[in-house]
Amino acid sequence: MTARDTPQGAPRDTARGTARNSGVSVTHDLEPHDWSNEETAAYEAAIEAVNGAVGAYSATIAAEEAKDVPDPAVIEAARTAQGRLAREREGLRSADREQIAEARARYAQLAREVLADLT
């Protein structure tokens, strides 16, 4: 494999001069798709909405840990929710406009609800 054969942006094994897959990217299994600017923005907004919900659960964890007597069940539930959200984020498909639109609304609402519970 030459440098020209290496997918753009792929991590490189510098000892061998080849690409290596770390398995970390959520985009590694995306289907080929010509994205419009609108689709790109919508997909990114959906990912950010999920990330916002994950962050809201992080705030829940931090608030609970700051208490004199933290409730381990609250912390565990928030961590479980974060794991679920990470899996759901990986399941987003850029070509599925309906899924993306629904995800943007649902996860933004979830973040607002989780944060509202902190006040």
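The structure displayed is predicted, hence computed values, not measured ones. (Residues numbered from 1 in each chain as written. Predicted model: local features only at pLDDT ≥ 70, side-chain atom pairs only at ≥ 80, totals over all residues. Heavy atoms only, no water.)

Participant: Mind showing me how you'd approach the overall build of the chain here?
Facilitator: Tallying secondary structure elements over the chain gives three helices and two strands in all. Listing the helices and strands of the chain from first to last along the sequence gives β-β-α-α-α. In the chain, the proportion of contacts linking residues at least 24 apart, taken out of those at least 6 apart, comes to 57%. By element, 51% of the accessible surface of the chain is carried by carbon and sulfur atoms, the whole surface being about 8,100 Å². (Helix = DSSP H or I, 4+ residues; strand = E, 2+ residues; numbered from the N terminus. Contact = heavy atoms within 4.5 Å. Areas by Shrake-Rupley, 256 points an atom, 1.4 Å probe, with all protein chains shown as cover.)

Participant: Explain the nonpolar core to me, please; I cannot follow it from the model alone.
Facilitator: For soluble globular proteins, the rule of thumb is that nonpolar side chains tend to be buried together. In this structure, V50, Y57, L85, L92, I100, Y107 and L110 are the most contacted members of the largest nonpolar core, which totals 22 residues. When residues of this core are traced back to their parent elements, those giving at least two are α1 (37–65), α2 (72–90) and α3 (97–116). Of all the elements, α1 adds the most residues to this core, at 11 residues. (Core = buried A, V, L, I, M, F, W, Y, C linked by side-chain atoms within 4.5 Å. Buried < 20%, exposed > 50% of the residue type's maximum accessible area, 1.4 Å probe, protein only.)

Participant: Please explain α2 as it appears in this structure.
Facilitator: One full turn of an α-helix is made of 3.6 residues, so residues set three or four places apart face in the same direction. For α2, spanning 19 residues, the distance from its first C-alpha to its last is 27 Å, which sits close to the expected 27 Å at 1.5 Å a residue. Turning to α2, its buried residues number three or more, namely I75, A78, A81, Q82 and L85. Within α2, the buried residues cover an arc of 125° as seen down the axis, which keeps them to one side. Residues P72, A73 and R87 are exposed on α2 and point more than 90 degrees away from its buried face. Packing partners of the buried residues in α2 comprise α1 and α3. Looking at where α2 begins, the residue whose side-chain oxygen comes 2.9 Å from the main-chain nitrogen of A73 is D71. (Expected span 1.5 Å × (residues − 1). Arc of directions from axis to C-beta. Polar contact = N/O pair within 3.5 Å; in protein donor to acceptor, adjacent residues only side chain to side chain.)

Participant: Would you explain the environment of E48 in this entry?
Facilitator: Relative to the elements of secondary structure, E48 occurs in helix α1. Each C-alpha atom of the pair E48 and Y107 lies 8.9 Å from the other, and the pair is 59 residues apart in sequence.

Participant: What exactly am I supposed to notice about the confidence of the model for the chain here?
Facilitator: Low pLDDT marks stretches whose predicted atomic positions should not be read closely. When pLDDT is averaged across the chain, the result is 82; 71% of the residues are at 70 or more. Predicted confidence for residues 1–22 stays below pLDDT 50, and this span has 17 contacts to residues more than four positions away or in other chains. (pLDDT = per-residue confidence, 0-100.)

Participant: Even after reading the chapter, I still don't get the packing of α1 against α2, so can you show me in this structure?
Facilitator: When two helices pack together, their arrangement is given by the angle between the helix axes and by the axis-to-axis distance. With their axes 9 Å apart at the nearest point, α1 and α2 run at an angle of 170° to one another. On the basis of their axis angle, the class for α1 and α2 is roughly antiparallel. Here α1 and α2 pass one another in a crossing that is left-handed. Within the contact between the two elements, α1 uses I47, V50, N51, A53, V54, Y57, S58, T60, I61, E64 and E65 and α2 uses V74, I75, A78, R79, A81, Q82, L85 and R89. Looking at side-chain class alone, the contact of α1 with α2 contains 11 nonpolar, four polar and four charged residues. (Axes fitted to C-alpha atoms, helices over the stretch in contact; angles between N-to-C directions. Parallel < 35°, antiparallel > 145°, perpendicular 65-115°, else oblique. Left-handed = near helix turned anticlockwise from the far one by under 90°. Nonpolar A, V, L, I, M, F, W, Y, C, P; charged D, E, K, R; others polar.)

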